[in-house]
Amino acid sequence: MKNKVSFNSGLAKFGIGLFETIKVNNEPIELDLHLDRIFKSIDKLNLSIDYSKNELRNEITNYIEKNNIVNKAIRLTIFDEGYNISSRDIPYTKKSYENGFKLNISPIKRGDSEIHRHKTTNYYESIYTKAYANEKGYDDGIFTNLNEIILECSMSNIYFIKDNKIITPNSKLPILNGTTKRRIIEICGELNIQIKEMEIKLSEIGDFDFVFISNSLIGVMKIIEIEGIKYNKENYLYDKVSQRINLVVGD
């Protein structure tokens, strides 16, 4: 495992690399889904990586056991000189879920780039968008494309609810289709909840009753406002999905 990066690496020079953020309760959550995604990205982006999926799975498991990682997040970073595993606290509390998040619209408009479909270490657009939102009193920002179609938040997928139906941006758009999004779609199928992927125009976001986001650390989080548009704070479809995602948060 690498703990240092040289200035000659593709990571340092150009931000070339991939990473996964994995929630660890008593064990890593959906580890195989995260590894499957990163190896699909390695293949699609034609990156030269000398490690197998089993090797990295064992390294992650050993790191968790050696460092007694419980109720934290670990990050696997893969780049041309090797890989790194690190850990950090998860910042979301019970109060976060009770209050919900507020979002604004990112000033960055995305084109149709293949890169956005992968979790690359070239992450400045997302960092900038979240900082821009925080400076204006919001928790996160929403990316749109040049045609003002909703894409995703800086670090999460987004969902809208109306008329007993969950709507989420189409997977064919330039977005990162998260591991939790995949699980939500499965849960909706199991519970006979209608979920549909489609294009959502920015001008349409006021037409919905309820909004939530998802990622591997948050699980699901309700959205109470998008730039002055207020949403319901409770929804029974969201409650059903939330219960199955099994959030584990601190006080």
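My aim in this report is to walk through the structure given alongside it, one point at a time. (Residues numbered from 1 in each chain as written. Predicted model: local features only at pLDDT ≥ 70, side-chain atom pairs only at ≥ 80, totals over all residues. Heavy atoms only, no water.)

### Considerations on empty space enclosed by the protein
Inference 1: Taken as a whole, this structure holds one cavity of 30 Å³ or more when the rule is applied.
Inference 2: Considered as a void within the structure, the largest cavity measures approximately 70 Å³ in volume.
Inference 3: Forming the boundary of the largest cavity are Tyr92, Phe101, Lys130, Asp139, Asp140, Met155, Ser156, Ile213, Asn215 and Ile218.
Inference 4: Along the lines of polarity and charge, the residues of the lining of the largest cavity split into five nonpolar, two polar and three charged. (1 Å grid on protein atoms, 1.4 Å probe; cavity = no way out; pocket = protein on both sides within 12 Å on 5 of 7 lines; lining within 4 Å. Points joined across faces, edges and corners; volume = space filled by probe spheres on them. Nonpolar A, V, L, I, M, F, W, Y, C, P; charged D, E, K, R; others polar.)

### Details of the environment of Asp239
Inference 1: You can see Asp239 is positioned in helix H7 (residues 236–245).
Inference 2: Once the C-alpha coordinates of Asp239 and Lys222 are considered, the two residues, 17 residues apart in sequence, prove to be 9.9 Å apart. (Helix = DSSP H or I, 4+ residues; strand = E, 2+ residues; numbered from the N terminus.)

### Points about the side chain of Asn157
Inference 1: Considering the arrangement of structural elements, one finds Asn157 in strand S7 (residues 157–162).
Inference 2: Assessed through its relative accessible area of 5%, Asn157 is described here as buried.
Inference 3: For Asn157, the side chain forms a polar contact with the main-chain oxygen of Leu176, separated by 2.9 Å.
Inference 4: For Asn157, the residues in contact, after removing those within four places along its chain, are Glu152, Ile175, Leu176, Asn177, Gly178, Lys181, Phe212, Ile213 and Ser214. (Buried < 20%, exposed > 50% of the residue type's maximum accessible area, 1.4 Å probe, protein only. Polar contact = N/O pair within 3.5 Å; in protein donor to acceptor, adjacent residues only side chain to side chain. Contact = heavy atoms within 4.5 Å.)

### Topic: H7
Since there are 3.6 residues in each turn of an α-helix, residues three or four apart along the chain are aligned in direction.
Inference 1: Within the span of H7, buried status applies to Leu237, Tyr238, Val241, Ser242 and Ile245. For H7, the angular spread of the buried residues around the axis is 130 degrees, confining them to a single face.
Inference 2: Tucked into the core, H7 has its buried residues touching S7, strand S8 (165–169), helix H6 (179–190), strand S10 (210–215) and strand S11 (219–226). (Arc of directions from axis to C-beta.)

### Here we look at the packing of H6 against H7
Inference 1: Remark: H6 packs on H7, axes separated minimally by 10 Å, with the N-to-C direction vectors making an angle of 115 degrees. Crossing of H6 over H7 shows right-handed handedness. Listed contacts from H7 to Thr180, Arg183, Ile184, Ile187, Cys188 and Glu190 of H6 are Val241, Arg244 and Ile245.
Inference 2: In the contact of H6 with H7, the residues fall into five nonpolar, one polar and three charged. (Axes fitted to C-alpha atoms, helices over the stretch in contact; angles between N-to-C directions. Left-handed = near helix turned anticlockwise from the far one by under 90°.)

### A word on the packing of helix H2 (residues 31–44) against helix H3 (residues 53–66)
Inference 1: With their axes 11 Å apart at the nearest point, H2 and H3 run at an angle of 135 degrees to one another. Classified by the angle between their axes, H2 and H3 sit oblique to one another. Once H2 is placed against H3, the crossing between them reads as right-handed. For the pair H2 and H3, contact is made by Leu31, Asp32, Leu35, Asp36 and Phe39 and by Lys53, Leu56, Arg57 and Ile60, respectively.
Inference 2: Broken down by class, the residue content of the contact of H2 with H3 amounts to five nonpolar, no polar and four charged. (Parallel < 35°, antiparallel > 145°, perpendicular 65-115°, else oblique.)

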